[in-house]
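Observations on the model geometry
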Amino acid sequence: MRKPLTYLTGVMITLLMIFCLLGLTAGALVRCKAAQPDTFTGIIRSKDLAEKVHEHLTVYFTEQENVTGIPASVYERSVTAEKLRPMLLDTAEQAFLYLDGRTDYIGISPDMTELKEDLTAFFEQYAAENGYERDSKYDEVLTNAIRSATNNIKSACDVYRFSLLGDAGVMKKVRRALPHTKYLMIGCGAGIAVLLLILLMLHRQDKPAVLYWFGSAVLVSSLLMLIPAAWLQITHWFDRFAVKSDQVFAAVTGYLYTMTGTVITVSVIGIVLALCLYLFSGILRQRSAKA
């Protein structure tokens, strides 16, 4: 390692390993965390987003009462947190069925029987009290009211805005890109193996140097991930997002902070591993020197 050429070669190989480690970690994070439905559904449960959606819809239907003439109480049975929670979870899971290629449809078709019954009962009561006959216009207004309410509920339950991302073509791009993360991991993993083999051949007489260089690559790559992730987490940077809906804000920021937290955890593990590699390398050197 004292020879300039050998040292420079070690530095270059270490730099290449840093990029390979970053690529391998990025691919693993996407496949094992970022693109896992459990990550999204876990946030829905931990942040109690069903209750936030319930509060949002209650306010919305109350505000719309003067426009539609339909009291917010008509929707009470349909928009409880208990009824909304499965819709939120199903919406997230359905989005990942699309990303996995198991369906070509983004969104859910929830059972809105209670909503239809309550709106129908309200319209029938209103018509009876005001002397309206049930004709084609009556049916059209009722159908539109049911459709509008259903769409508003479904939209509110789509806290990650998968449908909006689908309309913008983002989901289709993610769907095409996700399978390539496997090849990224395979390529980077193979690259690390090849570079370690080159180091081993380069330091045939000084094998502890291989652990030193690999530990350096692990340490630097971990620090490159840790510093920005820790800064984002400590400064609560994502709280600056201007999102009107509380449930969407909680869902999006919850996801982003979950990911930065995961990156921090992985980085700390990497730093500990690097220190262990340094320590092991030092122990082997001492034993070699005594021998």
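Residues numbered from 1 in each chain as written. Predicted model: local features only at pLDDT ≥ 70, side-chain atom pairs only at ≥ 80, totals over all residues. Heavy atoms only, no water.

Before going further, it helps to examine the overall build of the protein chain. The number of helices and strands found in the protein chain is twelve helices and zero strands. Projected onto its principal axes, the C-alpha positions of the protein chain cover 105 × 35 × 25 Å. Buried positions account for 39% of the 291 residues belonging to the protein chain. When the accessible surface of the protein chain is summed, it comes to about 16,900 Å², and 62% of that surface belongs to carbon and sulfur atoms. Taken as two groups, the 29 positive and 27 negative side-chain charges of the protein chain have centres that lie 23 Å from each other. (Helix = DSSP H or I, 4+ residues; strand = E, 2+ residues; numbered from the N terminus. Buried < 20%, exposed > 50% of the residue type's maximum accessible area, 1.4 Å probe, protein only. Areas by Shrake-Rupley, 256 points an atom, 1.4 Å probe, with all protein chains shown as cover. Lys, Arg positive; Asp, Glu negative; His and termini not counted. Charge placed at Lys NZ, Arg CZ, Asp CG, Glu CD.)

This part takes up the layout of surface pockets. Empty space within the largest pocket amounts to approximately 450 Å³. For the largest pocket, the lining is made up of 22 residues, of which T68, I70, F123, V141 and A145 are closest to its centre. Mapped by element, the contributors of at least two residues to the lining of the largest pocket are α3 (49–63), α6 (113–130) and α7 (136–157). Examining the composition of the lining of the largest pocket, we find that eight residues originate from one element, α7, more than from any other. Taken as a whole, the second largest pocket encloses approximately 290 Å³ of empty space. Take the lining of the second largest pocket: its biggest share by element is three residues, from helix α9 (residues 170–177). When the residues that make up the lining of the second largest pocket are grouped by side-chain class, the tally is 15 nonpolar, no polar and no charged. (1 Å grid on protein atoms, 1.4 Å probe; cavity = no way out; pocket = protein on both sides within 12 Å on 5 of 7 lines; lining within 4 Å. Points joined across faces, edges and corners; volume = space filled by probe spheres on them. Nonpolar A, V, L, I, M, F, W, Y, C, P; charged D, E, K, R; others polar.)

The values reported here are purely geometric and, on their own, carry no functional implication.
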